[in-house]
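Here are the chains, one letter per residue:
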Amino acid sequence: MLTCGRFLSSSAATTTASFSPLRTLTRSLLRRPHPRLLSSASAAATTAVEPDTKGGGGGAGGGGGGAVRPQWKAAIDFKWIRDNRDAVADNIRSRNSAANLDLVLELYDQYLALQKEVERLRAERNAVANKMKGKLDPSVRQALVEEGKNLKETLIGLEEDLVELTDKLQLEAQSIPNATHPDVPVGSEESSVVRKEVGSQRSFNFTIKDHLQLGKELDLFDFDAAAEVSGSKFYYLKNEAVLLEMALINWAISEVSKKGFTPLITPEIVRSSVVEKCGFQPRAQNTQVYSIENSDQCLIGTAEIPVGGIHMDSILLDSALPLKYVAYSHCFRTEAGAAGAATRGLYRVHQFSKVEMFIFCRPEESDKWHEELITIEEDLYASLGLHFKTLDMATGDLGAPAYRKFDIEAWMPGLERYGEISSASNCTDYQSRRLGIRYRPTPSEPPPANAKKGKAAGGPTQFVHTLNATAVAVPRLIVCILENFQQDDGSIVIPEPLRPFMGGLEVLSPKSK
């Protein structure tokens, strides 16, 4: 699995005219016009990263010219990546990632060589300083002063190069996707494997209608007015559809809370850096993220992002894990490139309501909680009487953060196809290593009596694992309910679990003329 490393502060200094052969080589590499280094970029000076010894994930990275600096640093373990080059390359290929592994390793080799030279010169400078402490002949002292000055100037230049090289290495490595569970099918989306199938397609003895026609006849939503006000793929919900949305939200939060999840309502605007740390690409072409002009903020595409950030840069108590949240929010997506009859109506829209589950847990427990999340989803949709299948999604369909992803696709008779209504992803430590979320394991034995007072017990901290899953994506559940539970008179039977949340309403009936 790709994991990450530690942070060290570094500072840039002015360039001098003293160029060592290594610095000349490094400068040549830094100025080389790599296409990805010259694409998207974030400008802000931050700390440098020190390679560690545990494998790491990357995310949405781009690079830039010499002045380009990453806004934040993922603690990526370049040594692990180098030592497992073939496995990392295979993973990049199977996931159709654009990560440039050869460039990452080339930059890493240059980093190691430059770091070694910097350390050698620092030691030499310290040795010169030590020689000057005693009584010396003036000519000897002057020679040492000159030597120390030259070393300092050379070192300043190399340290500047080290910072710049580290930034480029970080930006490139952030594009490396998470590792992949060994059981995940390899290939495109069509290679995904059905894990489970629940129910069967309903047989209709009348001509069925899709949700667009049903909604129009029942006066449940208005796409035309929304298109005039906001643009295409927006909508107004009306009449009982409003009650149905509220019912779905309250029902989902109520049911999931019974499983020990803490309810949240999240911010719907977040910093771009948090979006990136969660593995999304707010500045990429065909991005799904709406960015706010002249700010470092974005509208969220899912509550996964603000919930993931709620414990950012924190060390959690071992006894508090797992932390489980069920969060309600509106979601905003550009849906770039989405078009066609298969995405019509409520199926793919720019704004919608969603209830999301999110878990922070110990690394050894994430597979177990992943199974728990998909079971909760399956129980929810089965209780509504939907016919659906659960899929283990293939490598080509995994986003950069996901180690493994299960999707649920429900039958939508009006659209005459299965449509995705939820997913559940195990992101292992990909997001937590970028968000800086750790925990300190409880020691298996009590500390010795002579342990230093105030010293942290339990050994080194570890990164938690994060998981996310959809409880309810409201528009697609409305599609399912309208199309699956339509009657020959044009009415819609409300699934029984939702009726208490709709004031006891059992049927949506056509309006009398």
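Residues numbered from 1 in each chain as written. Predicted model: local features only at pLDDT ≥ 70, side-chain atom pairs only at ≥ 80, totals over all residues. Heavy atoms only, no water.

Taking an unreviewed UniProt entry as the reference, the protein is identified by name as serine--tRNA ligase belonging to Panicum virgatum.

### So, the nonpolar core
Applied cut-off: For our purposes a nonpolar core is just a set of buried Ala, Val, Leu, Ile, Met, Phe, Trp, Tyr and Cys residues, chained together by side-chain atoms within 4.5 Å. Exposure classes here rest on a 1.4 Å probe applied to the protein chains alone. A residue is buried below 20% of its type maximum, exposed above 50%, and partly exposed in between. Helical segments are the DSSP runs of H or I of at least four residues, strand segments are the runs of E of at least two, and each set is numbered from the N terminus. Between two residues, a contact is recorded if the distance between any of their heavy atoms is within 4.5 Å.
Formed by 62 residues in total, the largest nonpolar core has its most connected members in Leu248, Val355, Leu386 and Ile421. It is helix H8 (residues 240-257) that contributes the most residues to this core, 9 residues altogether. Discounting chain neighbours no more than four positions away, the residues touching Leu248 are Val472, Val474, Leu477, Ile478, Ile481 and Leu498. By size, the runner-up hydrophobic cluster in this structure holds 29 residues, among which are Tyr108, Leu114, Val118 and Leu151.

### Overview of the sheet that holds strand S9 (residues 314-317)
Using the following cut-off: At least two DSSP bridges between two strands are needed for those strands to be called paired.
If you walk across this open sheet you meet the 3 strands as S9-S15-S16, and the pairing is mixed. Looking along the sheet, the strands with just one partner apiece sit at the ends: S9 and strand S16 (462-463). Where strand S15 (residues 437-440) and S16 come together, 2 bridges link them in antiparallel fashion. Its bridge partner being in S16, Tyr439 is matched across the sheet by Gln462.

### Some remarks on the packing of aromatic side chains
Filter applied, for reference: Each Phe, Tyr or Trp ring, with Trp reduced to its six-membered ring, pairs with another whose centre is within 6.5 Å; inter-plane angles below 30 degrees give stacked pairs, above 60 give edge-to-face pairs, and intermediate values give tilted ones.
Under the defined criterion, the tally for this structure stands at 9 aromatic pairs. Both rings, one in Phe358 and one in Phe360, keep their centres 4.9 Å apart while their planes meet at 55 degrees; by these two values the pair is tilted. Its relative accessible area of 1% is what places Phe358 among the buried residues. Centroid distance Tyr381 to Phe388: 6.2 Å. Interplanar angle 85 degrees. Geometry classified as edge-to-face. One exposure class covers both Tyr381 and Phe388, and it is buried.

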